[in-house]
Amino acid sequence: MEFAKKFLNSAGMLLLILFVVCGCASSDVLSKSDISVEELERRMTLKNDPFGNYRKSKSFKFVQTVKIPQFLDEDIESMVETKMVVPDKFRITTLKDNKPQQIICSNGRQGWMADASGKKLKRLEGEQLQQLLTLSRFSTPDVGYKSVFKEVKIFRCSNEDGEFYLLDCVGRNGNTFKIYVDAKDFLLRRMSGKLKLGSGYLNYDSRILGYGLYDGVMIPKKSESVQNGQKQIVELVKYELNVPIPARDFLPPVF
């Protein structure tokens, strides 16, 4: 049970980190889109990566702070370091007081989750591994929504936050996502979804509050999310492209 909870949290963190997400909000008003999914992706790419730096990159490294507000206590704060090599190698390390607490990693074929503080290691297999590898593909340059999801529908959407293009996506395993893209500047503004992970579900809703320009790429700088009722505030501290990352970083830690 404890592993299942940690797995859900890790999957939520992977979503939170990689997207730069139950159902439509009650105030959403949908209408027919005036552009295709492919045209929306093209405009998003021109806005986010005008010089092609991201598309040319083979590796990424970034650091974020994650704050979980507490009602009657001090907020819980941690730091998350993410390393990735295209197309499917990743390592996400959660640190507390600069000490690793949890590591989730994959070399593209195998995956592991490690509790560094308790020195416990769990191999990720089957559906669990495949779902995390699918999530990691979102960050791969030039991977389109239709190559990730079984079904993608596009709408124009109006709500209290503004005018958007809404992508209604269904995964091959039945997971659902709704992706809100600003109709004026073509920046991703919100993602919501429901994922079946193992024997549990992750209900996820994230709003991007601000962007920053890093190495010529527009990257979400601050976001707020709610996953299974728990609010998190994420802020980007550092972002680097094409950094050397040793292959051993995508293997399980040795305690």
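The written sequence of each chain sets the order in which its residues are numbered from 1. Only residues with pLDDT of at least 70 are given local features in this predicted model, and only at 80 or more are side-chain atom pairs given and counted; all residues enter the totals for whole chains, interfaces and linings. Hydrogen atoms and water are omitted, and side-chain values are computed over all heavy atoms in the structure.

Participant: What is the right way to look at the overall build of the chain in this model?
Facilitator: Of the regular secondary structure elements, the chain holds 5 helices and 14 strands. Per-residue accessibility, obtained with a 1.4 Å probe over protein chains only, is compared with the maximum for each type, and a residue is labelled buried under 20%, exposed over 50%, and partly exposed between these values. Counting only residues that meet the buried cut, the chain has 50% of its 255 residues in that class. To measure how exposed things are, a 1.4 Å probe is used in the Shrake-Rupley method; for residues, cover is taken only from the protein chains shown. Counting only carbon and sulfur atoms, one obtains 51% of the accessible surface of the chain, whose full area is about 12900 Å². Helix and strand assignments come from DSSP, with helices taken as H or I runs of at least 4 residues and strands as E runs of at least 2, each series counted from the N terminus.

Participant: Where do I start with the packing of aromatic side chains in this structure?
Facilitator: How two aromatic rings sit relative to each other is given by the distance of their centres and the angle of their planes. Each Phe, Tyr or Trp ring (for Trp, its six-membered ring) is paired with any other whose centre lies within 6.5 Å, and the angle between the two planes then decides the class: stacked below 30 degrees, edge-to-face above 60, tilted in between. For the coordinates displayed, the defined rule picks out 6 aromatic pairs. Arranged with centres 5.6 Å apart and planes meeting at 25°, the rings of Phe 62 and Tyr 239 form a pair that is stacked. Of this pair, Phe 62 sits in strand β2 (residues 59-68) while Tyr 239 sits in strand β14 (residues 230-241), and the two are 177 residues apart along the sequence. Across the pair, exposure class does not vary: Phe 62 and Tyr 239 are buried alike. Their ring planes at 90° and their centres at 6.0 Å tell us that Phe 164 and Tyr 180 sit as a pair that is edge-to-face. Note that Phe 164 is positioned in strand β9 (residues 162-170) and Tyr 180 in strand β10 (residues 176-182), a separation of 16 residues in sequence.

Participant: Would you mind going over the pairing of β14 with me for this structure?
Facilitator: Two strands form a pair only when DSSP identifies at least two bridges running between them. Relative to β14, β2 is paired through 8 bridges, and the arrangement is antiparallel. When the sheet's bridge partners are listed, Lys 61 is paired in β14 with Glu 240. Looking at chain direction, strand β13 (residues 217-227) and β14 are connected through 6 bridges and run antiparallel. Among the inter-strand pairings, Gln 227 is bridged to a residue of β14, identified as Gln 230. Taken together, β13 and the strand that follows it, β14, pair antiparallel across an intervening segment of 2 residues, in which Asn 228 is found at a positive phi of about 50°.

Participant: Which parts of the structure should I look at to understand a negative patch on the surface?
Facilitator: Each patch is built from residues that are more than 30% exposed by relative accessible area and take part in no salt bridge. Like charges join if they lie within 9 Å; nonpolar side chains (Val, Leu, Ile, Met, Phe, Trp, Tyr) join within 5 Å. One speaks of a salt bridge when a side-chain nitrogen belonging to Lys or Arg is within 4 Å of a carboxyl oxygen belonging to Asp or Glu. Here the positive residues are Lys and Arg and the negative ones are Asp and Glu; neither His nor the chain ends is included. To locate a charge, take atom NZ for lysine, CZ for arginine, CG for aspartate or CD for glutamate. Taken together, the side chains of Asp 73, Glu 74, Asp 75 and Glu 77 present a region of like negative charge at the surface. Relative to the helices and strands, Asp 73 is located in the loop between β2 and β3 (76-85).

Participant: I'm lost on the side chain of Asp 249 in this one. Help?
Facilitator: Assignment of secondary structure puts Asp 249 in the segment after β14. Two residues form a contact once any of their heavy atoms are found within 4.5 Å. Not counting chain neighbours up to four residues away, the residues in contact with Asp 249 comprise Lys 83, Arg 91 and Cys 105.

Participant: Quick question: what am I supposed to make of unusual backbone geometry here?
Facilitator: With the exception of glycine, most residues fall at negative phi, and the peptide bonds are largely trans. A cis amide bond links Val 86 to the next residue, Pro 87, at an omega of 5°. By the element assignment, Pro 87 lies in the loop between β3 and β4 (89-96). The phi dihedral of Asp 215 is positive, around 50°, even though this residue is not glycine. For Asp 215, a relative accessible area of 44% corresponds to the partly exposed category.

Participant: What is the right way to look at the pattern of salt bridges in this model?
Facilitator: Between side chains of opposite charge, a pair can form when the charged atoms approach closely. The full count for this structure, using the stated rule, is 16 salt bridges. Notably, a salt bridge pairs Arg 156 with Asp 34, separated by 4.0 Å at the nearest N-O pair. Note that Arg 156 is positioned in strand β8 (residues 151-159) and Asp 34 in the loop between β1 (29-32) and α2 (37-48), a separation of 122 residues in sequence. The partly exposed category is assigned to Arg 156, whose relative accessible area is 22%. The class of Asp 34 is exposed, set by a relative accessible area of 56%.

Participant: Help me out: how do you make sense of the environment of Ser 106 in this one?
Facilitator: Mapped onto the elements of the fold, Ser 106 is located in strand β5 (residues 99-106). In this structure Ser 106 comes out as buried when scored by relative accessible area, which is 0%. Each C-alpha atom, one on Ser 106 and one on Asp 88, is 7.6 Å from the other, the two residues being 18 residues apart in sequence. Within polar-contact distance, the side chain of Ser 106 engages the backbone nitrogen of Gly 108 at 3.0 Å. Nitrogen and oxygen atoms within 3.5 Å of one another constitute a polar contact, given that in protein one can donate a hydrogen and the other can accept it, and given that sequence-neighbouring residues count only through two side-chain atoms.

Participant: I'm lost on the nonpolar core in this one. Help?
Facilitator: Considering soluble globular proteins, one finds that nonpolar side chains tend to be buried as a cluster. Core analysis: the biggest nonpolar cluster contains 46 residues, and Leu 40, Tyr 165, Leu 167, Ile 179 and Tyr 239 have the highest contact counts within it. What Tyr 165 contacts, discounting residues up to four positions off in sequence, is Ser 33, Asp 34, Ile 35, Leu 40, Ile 154, Phe 155, Arg 156, Ile 179, Tyr 180, Val 181, Ala 183 and Phe 186. Side-chain atoms within 4.5 Å link the members of a nonpolar core, which is a set of buried Ala, Val, Leu, Ile, Met, Phe, Trp, Tyr and Cys residues.

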